Amino acid sequence: MNKKLALEKLKSEIEANTKLPLKKSNLVFGEGDINSPVMFIGEAPGKNEDLEKRPFVGRSGQLINKNLEKINWKRGGVYITNIVKKRPPLNRDPNEKEIESFKPYLTKQIEIINPKIIVPLGRFATNYFLPTAKISVDQGKIFEIDGRKIFPMFHPAAALRGTKVMKQFEASFKKLGRIVDNF
């Protein structure tokens, strides 16, 4: 089965699963280049994402887009998704049950896309892959798990809240561009 069909099938499985939590919100599956070597993974959709059924479309998404352009990439040239595929109420952090409920789907999504680099955005996404990592210490560093590079970055929402974090976020994007250029 080709990647596009496999992703459509996976999306249908999620939509059909009535046991998944967060039933009141829309499915935000993921989007982008299914052949990209880079996959960005956030924690969960926010209000704008829930409304548009697309990941990272609010201010955080605009910041990602701006930084992609700075390294001469286009948003459509990478794949973007979240660990949890539906919005937690009041934009709260996803809880352990929600993360575990969506885990098999993210695992399958990663298998299908098969990126060379996974870029977890923020603490929850980073700890999903690196349970003992501290985002403030480990962002911008390269880790390897199961033959795949993991490159944690601050969540763009955190970068929007502070100049120091913004500078680290932007520096990490530049570093990511150099890493991919060296493939």
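Above this text you will find the structure in question.
Each chain has its residues counted from 1, running along the sequence as written. Local features are withheld for residues below a pLDDT of 70 in this predicted model, meaning they are given only at 70 or higher, and side-chain atom pairs are given and counted only at 80 or more; totals for whole chains, interfaces and linings count all residues. Working from all heavy atoms in the structure, the side-chain values ignore hydrogens and water.

*Asks:* Looking at this model, I keep getting lost on the overall build of the protein chain. Mind explaining?
*Replies:* Within the protein chain, the secondary structure is distributed over eight helices and six strands. A run of DSSP states H or I qualifies as a helix once it reaches four residues; a run of E qualifies as a strand once it reaches two. Both are numbered from the N-terminal end. What you see in the protein chain, going N to C, is helices and strands ordered as α-β-β-α-α-β-α-β-α-α-β-β-α-α. Against the 2.2 N^0.38 benchmark of 16 Å for 183 residues, the protein chain shows a C-alpha radius of gyration of 15 Å, consistent with a compact globule. Each principal axis of the C-alpha atoms in the protein chain carries an extent, and together these give about 40 × 40 × 30 Å. Relative to its 183 residues, the protein chain shows a buried fraction of 50%. Taking the contacts inside the protein chain whose residues are at least 6 apart along the sequence as the reference set, 72% of them involve residues at least 24 apart. Within the structure as shown, the protein chain displays about 9,600 Å² of accessible surface, and the carbon and sulfur contribution to it stands at 50%. Averaged over its 34 positive side-chain charges, the protein chain has a centre that lies 3 Å from the centre of its 20 negative ones. Here the globule rule is a power law, 2.2 Å times the number of residues to the power 0.38, and the radius of gyration is based on C-alpha atoms. Classification of residues uses two cut-offs on accessible area relative to the type maximum, computed with a 1.4 Å probe and protein chains only: under 20% is buried, over 50% is exposed, and between them is partly exposed. The criterion used for residue contact is that any of the two residues' heavy atoms lie within 4.5 Å. Using a 1.4 Å probe, accessible areas were evaluated by the Shrake-Rupley method; residue-level cover was limited to the displayed protein chains. Only four residue types enter the charge count: Lys and Arg as positive, Asp and Glu as negative, with His and the chain ends excluded. Working definition for charges: the position is that of NZ of Lys, CZ of Arg, CG of Asp or CD of Glu.

*Asks:* Would you mind showing me how to read the packing of aromatic side chains here?
*Replies:* Remark: the centre distance and the inter-plane angle together describe each pair of aromatic rings, the angle taken between the planes. Here the aromatic set is Phe, Tyr and Trp, taking the six-membered ring for Trp, and pairing holds for ring centres within 6.5 Å; pairs whose planes are under 30 degrees apart are stacked, those over 60 apart are edge-to-face, and all others are tilted. The final tally for this structure, using the stated rule, is three aromatic pairs. Their ring planes at 70 degrees and their centres at 5.0 Å tell us that Tyr128 and Phe129 sit as a pair that is edge-to-face. For the pair formed by Tyr128 and Phe129, the shared burial category is buried. Ring geometry for Phe169 versus Phe173: centroids 5.3 Å apart, planes at 65 degrees, classification edge-to-face. On the criterion of helical spacing, the pair formed by Phe169 and Phe173 is a turn pair, its members being four residues apart in helix α8 (residues 163–181). Phe173 carries the same exposure label as Phe169, and that label is buried. In this structure, Lys103 packs its charged tip against the face of Tyr128, placed 5.6 Å from the ring centre. Note on geometry: a ring has a charge over it if NZ (lysine) or CZ (arginine) is within 6 Å of the ring centre and within 35 degrees of the ring normal.

*Asks:* What is the right way to read the pattern of salt bridges from this model?
*Replies:* Side chains that differ in sign of charge can pair as their charged atoms come close. A carboxyl oxygen of Asp or Glu within 4 Å of a side-chain nitrogen of Lys or Arg is what we treat as a salt bridge. Per the counting criterion, the structure on display carries ten salt bridges. Salt-bridge contacts for Glu144 lead to Lys149; the nearest nitrogen and oxygen are separated by 3.5 Å. Given the relative accessible area of 55%, Glu144 is considered exposed. Residues joined by salt bridges that share partners form a network here, namely Glu31, Glu52, Arg54 and Arg75.

*Asks:* Is there a simple way to explain the pairing of strand β3 (residues 79–82) in this structure?
*Replies:* Across the two faces of β3 the burial is the same, with Tyr79 and Thr81 and Ile80 and Asn82 all buried. Where strand β1 (residues 31–32) meets β3, two bridges bridge the pair, whose relative direction is antiparallel. In the sheet register, Glu31 faces β3, and the bridge partner there is Ile80. By definition, two strands form a pair when at least two bridges between them are found by DSSP. Where strand β2 (residues 38–42) meets β3, four bridges bridge the pair, whose relative direction is parallel. Residue pairing in the sheet places Met39 in a bridge with Tyr79 of β3.

*Asks:* Honestly, helix α4 (residues 96–113) in this entry has me stumped. Any pointers?
*Replies:* Counting along an α-helix, one turn takes 3.6 residues, and residues three or four places apart therefore face a common direction. Given the number of residues in a helix, its expected span is that number minus one, multiplied by 1.5 Å. With 18 residues, α4 should cover 26 Å at 1.5 Å per step; its first-to-last C-alpha distance of 25 Å lies within 8% of that length. Here the bend at a residue means the angle between the axes of two seven-residue stretches, the one that ends at it and the one that starts at it. In the structure, α4 departs most strongly from a straight axis at Lys103, where the bend amounts to approximately 45 degrees and where the proline Pro104 lies between one and four residues downstream. Those residues of α4 hidden inside the fold are in contact with α1 (3–16), β2, β3, β4 (117–120), α5 (123–129) and β6 (148–150). Any pair of nitrogen or oxygen atoms within 3.5 Å is treated as a polar contact; in protein, a donor-acceptor pairing is required on top of that, and neighbouring residues in sequence qualify only through side-chain atoms on both sides. By the N-cap criterion, in which a side-chain oxygen at the helix start approaches the backbone nitrogen of a residue two or three places on, α4 is capped by Asn95, the distance to Lys97 being 3.1 Å. Note on α4: the residue one or two positions beyond its end, Asn114, has a positive phi of about 55 degrees.

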